Amino acid sequence: MKLKYFEFYNPVKILSGSKALENIPTEMEYLNAARPFIITDQGIVKTGLIKLIKSFFKADQKKISFIFDKTPADSSLTVVKKLADIFRKKNCDCLVAVGGGSVIDTAKGVNILVGSNKKDLSQLVGVNNLKFPQKPLIVVPTTSGTGSEATQAAVIYDEKQKIKLSFTSPTILPKTAVLDPRSTLSLPPLLTAATGMDALTHAVEAYSCLQKNPLSDVYAKASLEFIGKFFIKAVKKPHNKQARMGMANASLMAGIAFSSSMVGAVHALGHALGAVAGLHHGNAMAILLPLVMQANLDKIGDIYGQLLLPLAGEKIYRKTPQSKRAQRMIDHIKSLNKKLNRLTAMPITLAQAGVKRKKLDQVARKALDDGTMALNPKDFEIEEIVKILNQAY
């Protein structure tokens, strides 16, 4: 891959550490905001995290204008429109998203709609269609996988068309990402495993896809180093704050990396499996990553080989001959999947995940049309995609 030109932009301020949550009210002052609209879901409410955040506002003598705590599993156009109307009626001036990918994408969607003064979000779908300023958005991620707290993308579900609409623009980027170990302590081992594999896939694809560049490479490698060090520990010891903090930072760095370099065939297939078969995105990433890497191997083996060091560590890297490092990297990910399967019952085949074989042809066709497929380092024909899906089964 010859580097001719690249762009890198990520102005997100990062608050990371054991007392990061306490700084949200102060951060609002820096953003000249005083009437926050908090978006979250019932699962987060049950953990007590929203109650904790409310106490910091009370201690700082600040009021929360509105809390919406019923975000669906898939962010939708209907919910986004409803919340944008409430935002305007309550005269809010900033958004605080506390949750996983759906919550964060919902907040991004609300922000787009409020900033555009439009009623229909679908009119703005696509890349760089958002030329207007938006309200300050503060994100508190409660999973360590999507990296949405540092990406310039949002995905919103269109219930009528039954498709996911993608929005990409630098204006979508949150103003602040708040990483605190207390935000992910309640994440169960299975979700910790699946979201961790999402972060790992972001890092690998960011480092190996066609828009890779020197800056995204730095973040991708650093993310893999943190994943190698903290991932299994976070799964085995969910209440280990050091491990939780390590994975939170890994997810963030992977998000920064792929927001610049984008992703490839693993995500194209994952998007299609989610749309056609309802497969959890993290599970799809875990199943497909080593298989797509194997299919790409003859094209970018040297690049995959470079990633063995940060993920597997110096001892394994040095013991492995240079010509075999790429395959060792793929085998290492397969071994990681098997370990996660033993620890959490995370599915590592499409059959285990409950995907019907008869849907694979439909998944393949949808994946081929996915925009991320164009950035994969190797061109795949429909037959090759079907082959990968059958191997995954």
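Report on the accompanying structure.

Cut-offs used in this document
- Residues numbered from 1 in each chain as written.
- Predicted model: local features only at pLDDT ≥ 70, side-chain atom pairs only at ≥ 80, totals over all residues.
- Heavy atoms only, no water.
- Helix = DSSP H or I, 4+ residues; strand = E, 2+ residues; numbered from the N terminus.
- Rg over C-alpha atoms; globule rule 2.2 N^0.38 Å.
- Buried < 20%, exposed > 50% of the residue type's maximum accessible area, 1.4 Å probe, protein only.
- Contact = heavy atoms within 4.5 Å.
- Areas by Shrake-Rupley, 256 points an atom, 1.4 Å probe, with all protein chains shown as cover.
- Lys, Arg positive; Asp, Glu negative; His and termini not counted.
- Charge placed at Lys NZ, Arg CZ, Asp CG, Glu CD.
- Pairing = 2+ DSSP bridges.
- Axes fitted to C-alpha atoms, helices over the stretch in contact; angles between N-to-C directions.
- Core = buried A, V, L, I, M, F, W, Y, C linked by side-chain atoms within 4.5 Å.
- Salt bridge = Lys/Arg side-chain N within 4 Å of Asp/Glu carboxyl O.
- Polar contact = N/O pair within 3.5 Å; in protein donor to acceptor, adjacent residues only side chain to side chain.

With respect to the overall build of the protein
Along its length, the protein carries 15 helices and nine strands. Its C-alpha atoms give the protein a radius of gyration of 20 Å, within 12% of the compact-globule value 21 Å for 393 residues. When its C-alpha atoms are laid out on the principal axes, the protein stretches across 60 × 45 × 45 Å. Relative to its full complement of 393 residues, the protein shows a buried share of 55%. Pairs at least 24 apart in sequence give 78% of the contacts found in the protein among residues at least 6 apart. Surface summary for the protein: the accessible area is close to 17500 Å², and the carbon and sulfur share equals 52%. Side-chain charges in the protein split into 54 positive and 31 negative, and the spacing between the mean points of these groups amounts to 6 Å.

Brief notes about the sheet that holds strand S4 (residues 94-99)
Taken in spatial order, the six strands line up as S1-S9-S6-S4-S2-S3 in an open sheet, and their pairing is parallel. Across the chains shown, the open sheet's two edge strands, defined by having one partner strand only, are strand S1 (13-16) and strand S3 (66-68). With direction set aside, neighbouring strand axes in the sheet form an average angle of 15°. Direction of pairing for S4 relative to strand S6 (residues 137-141): parallel, over a ladder of five bridges. Residue pairing in the sheet places Val98 in a bridge with Val140 of S6.

With respect to the pairing of strand S2 (residues 36-39)
Every second residue of S2 is oriented toward a common face, with Pro36 and Ile38 on one face and Phe37 and Ile39 on the other, all of them buried. Bridge count for S2 against S4 is four bridges, and the pairing is parallel. Residue pairing across strands places Pro36 opposite Cys94, the latter belonging to S4. As paired elements, S2 and S3 share three bridges and run parallel to each other. Along S3, the bridge assignment pairs Ile38 with Ile67.

Thoughts on the nonpolar core
Judged by nonpolar contacts, the single largest core of 66 residues is most densely connected at Leu200 and Leu389. A per-element tally of this core places helix H10 (residues 281-306) first, with twelve residues. Residues within four places of Leu389 in sequence aside, it is in contact with Leu269, Leu273, Leu288, Leu350, Leu360, Val363 and Ala364. By size, the runner-up hydrophobic cluster in this structure holds 30 residues, among which are Val79, Val103, Ala107 and Phe132.

A closer look at the pairing of strand S9 (residues 176-179)
Where burial is concerned, the two faces of S9 agree: the one with Thr176 and Val178 and the one with Ala177 and Leu179 are both buried. Note: S1 against S9, four bridges, orientation parallel. Looking at S9, one finds that Ser16 is bridged to Leu179. Summarising the sheet, S6 and S9 pair through two bridges and their orientation is parallel. Across the sheet, residue Val139 finds its bridge partner in S9, namely Ala177.

Details of the side chain of Asp158
Tracing the backbone through its elements, the reader meets Asp158 in strand S7 (residues 153-158). Buried and unpaired, Asp158 has Lys160 as its nearest opposite-charge partner, separated by 7.1 Å. At 3.0 Å, the side chain of Asp158 forms a polar contact with the backbone nitrogen of Lys160. Reaching out from Asp158, the side chain makes a polar contact with the side chain of Gln161 at a distance of 2.9 Å. Sequence-distant contacts of Asp158, that is, excluding residues within four places in its chain, are made with Leu77, Ile163 and Leu165.

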